[in-house]
Amino acid sequence: GFRYFTQERAVFLGLTGWVRNRWNGTVELVAEGSKTDLDTLLKAIQRGPRAGTTQNVQVDWQETAGEFNSFQIRRTA
């Protein structure tokens, strides 16, 4: 449920990007939007969904590329 949780929060905040599971059991997320909204999303994913737990969130801030039109769930990579 983590990907759906993330997508729901990102769409609510008006962010664009994607989230996907990785074969090693981690989740990868790329999001674009205002710093305030990205901080809000980061706080939400650090707490995680009600039925799950989140551990070891790593953040890599980069310049916005403007390449996304929506926020999607991608296939496992």
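Structural data are supplied above this passage.
Along each chain, numbering runs from 1 in the same order as the chain's sequence is written. Reporting in this predicted model follows two pLDDT cut-offs: at least 70 for local features of residues, and 80 or more for side-chain atom pairs to be given and counted; totals over whole chains, interfaces and linings ignore these cut-offs and use all residues. Only hydrogens and water are set aside; all other atoms, that is, all heavy atoms of the structure, feed into the side-chain values.

Visitor: Pulling in residues and values, what's your account of the overall build of the chain?
Guide: Going along the chain from the N terminus, every DSSP run of H or I of four or more residues is numbered as a helix, and every run of E of two or more is numbered as a strand. The number of helices and strands found in the chain is 2 helices and 3 strands. Counting helices and strands in the order they occur from the N terminus, the chain gives α-β-β-α-β. Note on method: radius of gyration uses C-alpha positions; expected globular size equals 2.2 Å times residues raised to 0.38. At 12 Å, the chain has a C-alpha radius of gyration in line with the 11 Å of a compact globule built from 77 residues. Dimensions of the chain along its principal axes, counting C-alpha atoms only, are 30 × 25 × 20 Å. It only takes one pair of heavy atoms within 4.5 Å for two residues to be counted as in contact. Within the chain, contacts between residues separated by at least 24 positions form 60% of all contacts whose residues are at least 6 apart in sequence. Per-residue and other accessible areas were derived by the Shrake-Rupley procedure at a 1.4 Å probe size, with only the shown protein chains allowed to occlude residues. Here the chain has roughly 5700 Å² of accessible surface; of this, 45% comes from carbon and sulfur atoms.

Visitor: With reference to specific residues and values, describe the pairing of strand β2 (residues 27–32).
Guide: Any two strands are treated as partners once DSSP identifies two or more bridges connecting them. Here 6 bridges tie strand β1 (residues 16–21) to β2, and the two strands are oriented antiparallel to one another. Residue pairing in the sheet places Trp18 in a bridge with Val30 of β2. In sequence, β1 turns back onto β2 through a hairpin of 5 residues, with Gly25 there showing a positive phi of about 95 degrees.

Visitor: Residue-level account of the pattern of salt bridges, with values.
Guide: Salt bridges are identified by distance alone: a Lys or Arg side-chain nitrogen within 4 Å of an Asp or Glu carboxyl oxygen. Going through the model one piece at a time under the given rule, you end up with 4 salt bridges. Between Arg22 and Glu28 there is a salt bridge, and its shortest N-O distance comes to 3.7 Å.

Visitor: Would you mind going over the side chain of Thr16 in detail, with residue names and values included?
Guide: Looking at the secondary structure, you find Thr16 in strand β1. Non-local contacts of Thr16, meaning those with residues more than four positions away in its chain, are made with Val30, Ala31, Glu32, Phe68, Asn69, Ser70 and Phe71.

Visitor: Account for the sheet that holds strand β3 (residues 71–73), with residues named and values stated.
Guide: Whether parallel or antiparallel, the strands of a sheet pair through hydrogen bonds between backbone atoms. Here 3 strands make up an open sheet; going across it, the order is β2-β1-β3 and the pairing mixed. Strand pairing shows two members of the sheet lacking a second neighbour, β2 and β3, which therefore form its edges. When the angles between neighbouring strand axes are averaged without regard to direction, this sheet yields 5 degrees. Axis angles are defined between N-to-C directions and span 0 to 180 degrees, where every axis is a line fitted to C-alpha atoms and, for a helix, only to the segment in contact.

Visitor: Go over the packing of helix α1 (residues 2–13) against helix α2 (residues 35–47), please, and point to the residues and values.
Guide: At a closest axis distance of 10 Å, the pairing of α1 and α2 adopts a crossing angle of 155 degrees. Viewed along their axes, α1 and α2 adopt a mutual orientation that is roughly antiparallel. Every pair of crossing elements has a handedness; the one defined by α1 and α2 is right-handed. When α1 is examined against α2, the residues Phe2, Phe5, Thr6, Arg9, Ala10 and Leu13 are found in contact with a partner set consisting of Asp37, Thr40, Leu41, Ala44 and Ile45. All amino acids are sorted into three groups, where Ala, Val, Leu, Ile, Met, Phe, Trp, Tyr, Cys and Pro are nonpolar, Asp, Glu, Lys and Arg are charged, and the leftover types, Gly among them, are polar. A per-class count over the contact of α1 with α2 returns 7 nonpolar, 2 polar and 2 charged. By the definition adopted for this analysis, an angle is roughly parallel if under 35 degrees, roughly antiparallel if over 145, roughly perpendicular if from 65 to 115, and oblique otherwise. Put simply, a crossing is left-handed when the front helix is turned counterclockwise from the back one by less than a right angle, and right-handed when it is turned clockwise.

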